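Residue-level structure breakdown
Listed below are the residues making up each chain.
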Amino acid sequence: MKVYFHLNLKGFSNCYVVVNEKAKEAIIIDPGKITEGMISQIENENLKLSAVLITHNHGSHVDGIKTLRKIYNPKIYAADWEVAKNDTNVLMGDGKIRVAKMNVRFTTIPGHTADSIVYGIGNLLFTGDVLFAGSMGSTNSSYSEFILRTNIENHIFSQQDGVVLMPGHGPPTTLEAARMFLING
């Protein structure tokens, strides 16, 4: 598995292309904007775009879906039906899906938004706006902050050491660093 990072200048959001080299298939996580570089990568490596995973329905994380759907026919996974209407495979709770011949874990973690979801592939957690290097996602009330913090502690901090967090904004971080910041911060 290889992971490629693409920065969307609108909202300075992160987009990730996860490639299964053996299967020649790819997943795009949070396509805020589709660039020529992303399309070239898929086309030049003869990859099948199998799926798009959305961590939450904010424009800087989903605006590229329309472009992708004009070129490819990926399955779209999200916790919000409105992402792609009837073409959205709605995920709820905790579970596993198999896409691009890879096992993808998911857990819904409301707090930043009602539809926030974290995806795990191998030792990587794609956290969207739930958790960043040095902070957790923003919330609109003290209750939402409590829910988000509780969900992070129960669903993310319970993971094994060695997990790398791939956030929706900013640099990757380690689970150990995130624990130290939020628990001691």
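That block above? That's the structure.
Reference entry: report on the structure contained in this document. (Residues numbered from 1 in each chain as written. Predicted model: local features only at pLDDT ≥ 70, side-chain atom pairs only at ≥ 80, totals over all residues. Heavy atoms only, no water.)

Quick notes on the sheet that holds strand β10 (residues 124-128)
- Read across the open sheet, the six strands follow the order β7-β8-β9-β10-β13-β14; overall the sheet is mixed. Of all strands in the sheet, those bounded by a partner on one side alone are β7 (94-99) and β14 (173-174).
- Judged from the four bridges that link them, strand β8 (residues 102-108) and strand β9 (residues 117-121) form a sheet pairing that is antiparallel. When the bridges of β9 are listed, T108 appears paired with I117. (Pairing = 2+ DSSP bridges. Helix = DSSP H or I, 4+ residues; strand = E, 2+ residues; numbered from the N terminus.)

Focus: the side chain of H61
- Mapped onto the secondary structure, H61 falls in helix α2 (residues 59-62).
- Within the structure, the side chain of H61 is placed 3.1 Å from the side chain of D30, a separation counted as a polar contact.
- Here the side chain of H61 touches H169 through a polar contact of 3.2 Å, side chain to side chain.
- In contact with H61, other than residues within four places in its own chain, are S13, D30, P31, G32, I54, T55, H56, D129, G168 and H169. (Polar contact = N/O pair within 3.5 Å; in protein donor to acceptor, adjacent residues only side chain to side chain. Contact = heavy atoms within 4.5 Å.)

With respect to the nonpolar core
- Core analysis: the biggest nonpolar cluster contains 21 residues, and I28, I54, I65, L68 and V83 have the highest contact counts within it.
- Mapped by element, the contributors of at least two residues to this core are β2 (13-20), β3 (25-29), α1 (36-44), β4 (48-53), α3 (65-71) and β5 (75-78).
- Core analysis: the second largest hydrophobic core is formed by 20 residues, Y16, L53, V104 and L124 among them. (Core = buried A, V, L, I, M, F, W, Y, C linked by side-chain atoms within 4.5 Å. Buried < 20%, exposed > 50% of the residue type's maximum accessible area, 1.4 Å probe, protein only.)

Describing the pattern of salt bridges
- Per the counting criterion, the structure on display carries five salt bridges.
- Put simply, K10 and D63 hold a salt bridge, and the shortest N to O gap is 2.4 Å. Residue K10 is located in the loop between β1 (2-8) and β2, and its partner D63 is located in the loop between α2 and α3; the two are separated by 53 residues in the primary sequence.
- With relative accessibility at 36%, the residue D63 sits in the partly exposed group.
- Where R69 meets D87, a salt bridge forms, and the shortest distance between an N and an O atom there is 2.1 Å. With a gap of 18 residues between them, R69 in helix α3 and D87 in the loop between β5 and β6 (88-90) connect regions that are remote in the sequence.
- With a relative accessible area of 36%, R69 lands in the partly exposed category.
- We classify D87 as partly exposed; its relative accessible area is 42%. (Salt bridge = Lys/Arg side-chain N within 4 Å of Asp/Glu carboxyl O.)

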